[in-house]
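What follows is each chain in one-letter form.
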Amino acid sequence: MTHILPLQGGPELQHLTLSQPLDASLYLTRVCNLDCKTCYVNAGKRAPDELQADQWMQVLDNLKGLGVKAVYLLGGEPLLVRGITRIIRKAKEEGFYVALSTNGLLLNENNARELKNSGLDAMQISLDSPKAQENDELRGRFDLALAGARIAASTGINISISTTVTDLNKSAAEMIYLANGLRAKEVNFISVQPFGRARKQGLLLSKEKGGEKFLSALRSVAEQAAHVTLNGFRFYLNRDDFERAAAEASSIRGYFTCPAGRTHIAINWKGDVYGCDLLMNDAFKEGNALRDSLAEIWRNGFSLYRKWLPERCATCPYVKSCQGGCPARSLLTEDKVDPWCPINRASHPDR
């Protein structure tokens, strides 16, 4: 969410504080009309006890009381949620910046116009390659997604493109050209994470064969019009770039690498509250947005993230910038150290 906000008129990053969260991801449903190989929530069939539109409006009231500035509507596929435009209108009435993430397949001129008229601030559309065959190997239905993106843009919705990078979509960097053609304001590249279906299928972005080649290809097209943001790529940088980025990060007052439980919360389709979108399971549940006080959850919860620093990381020369890496990935390993860390490379020989 934080990569979208400053670009498209949302709350500025200097307002981040631990007294209140900046943004919330609302996973409105688990149902989805695609079966993407990289889906970290295993979206597909509708989950039991999913919240209805009126209940989501109550959640929005509670988030407003907590001081949240922006909400990000996801799924599954949020366009399959009954009352989605009502939810957006309610969010805008409460003063939220509202963004929505969709696969684009269900977009048509009528619902795109309704979404625009409801006050939607931004729409992120998922496409994993400008080449249909590569995209469809990971996601499917490139033709419908591209048509939906064009419809949304023609309606005047501020669109951005989200691309999950793996070893399979070797043309991912060229999404910038497609985004320019769609008049998208941004392309957000996300390195595939070892959760959900990606973990089950063994999908990854290897360092030498995948990540470094992607970053090299990205440099060759980086002067194009679309704004580019990267999510999860710092451990793919070469040593010089990594040290430069680490030095810059260390100089930023109040900087932290992971927003989970610090400026960000996630709420799933049952209203359960989490700090991290990748750790939405019962072991990491902080409470429920309808049954519990969000202020109490925020004040006393999320200690895993706020105190995160593995013992082995404490003496690392990059500790000020890296801050112990990704808690979610680290918890997958026996030694609780981020397996993507180049200093801890031995624990992940594919990296």
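About the criteria used
- Residues numbered from 1 in each chain as written.
- Predicted model: local features only at pLDDT ≥ 70, side-chain atom pairs only at ≥ 80, totals over all residues.
- Heavy atoms only, no water.
- 1 Å grid on protein atoms, 1.4 Å probe; cavity = no way out; pocket = protein on both sides within 12 Å on 5 of 7 lines; lining within 4 Å.
- Points joined across faces, edges and corners; volume = space filled by probe spheres on them.
- Nonpolar A, V, L, I, M, F, W, Y, C, P; charged D, E, K, R; others polar.
- Pairing = 2+ DSSP bridges.
- Helix = DSSP H or I, 4+ residues; strand = E, 2+ residues; numbered from the N terminus.
- Contact = heavy atoms within 4.5 Å.
- Axes fitted to C-alpha atoms, helices over the stretch in contact; angles between N-to-C directions.
- Salt bridge = Lys/Arg side-chain N within 4 Å of Asp/Glu carboxyl O.

S.K.: What should I look at first to understand the layout of surface pockets in this one?
M.R.: Leftover empty space is mapped by rolling, across the atoms, a probe with the size of a water molecule. Considering only enclosed or pocket space, the second largest pocket measures out at about 380 Å³ in volume. Lining the second largest pocket we find 22 residues, and of these Tyr40, Val41, Trp269, Met280 and Asn281 sit closest to its centre. Of the residues assigned to the lining of the second largest pocket, the class counts are 14 nonpolar, 4 polar and 4 charged.

S.K.: Whenever I open this one, the sheet that holds strand E6 (residues 186-191) confuses me. Can you help?
M.R.: Read across the sheet, 10 strands follow the order E7-E6-E5-E4-E3-E2-E1-E8-E9-E10 without closing on themselves; strand pairing throughout is mixed. Edge positions in the sheet fall to strand E7 (227-231) and strand E10 (287-288), since each of these pairs with one other strand and no more. Pairing between strand E9 (residues 272-274) and E10: 2 bridges, direction antiparallel. Residue pairing across strands places Val273 opposite Gly287, the latter belonging to E10. Sheet strands touched by helix H2 (residues 84-93): strand E2 (70-74) and strand E3 (97-102). Its angle to E3, the strand with the most contacts, is close to 155°.

S.K.: Any chance you could explain the pattern of salt bridges here in plain terms?
M.R.: Side chains bearing opposite charge may pair, as long as their charged atoms lie close to each other. Applying the stated rule across the entire model yields 16 salt bridges. Residues Asp61 and Lys90 are paired through a salt bridge, measuring 2.9 Å at the closest nitrogen-oxygen approach. One end of the pair, Asp61, is in helix H1 (residues 53-66); the other, Lys90, is in helix H2, with 29 residues separating them in the sequence. Taking the shortest distance from any N to any O, the salt bridge between Arg299 and Glu296 comes out at 2.6 Å.

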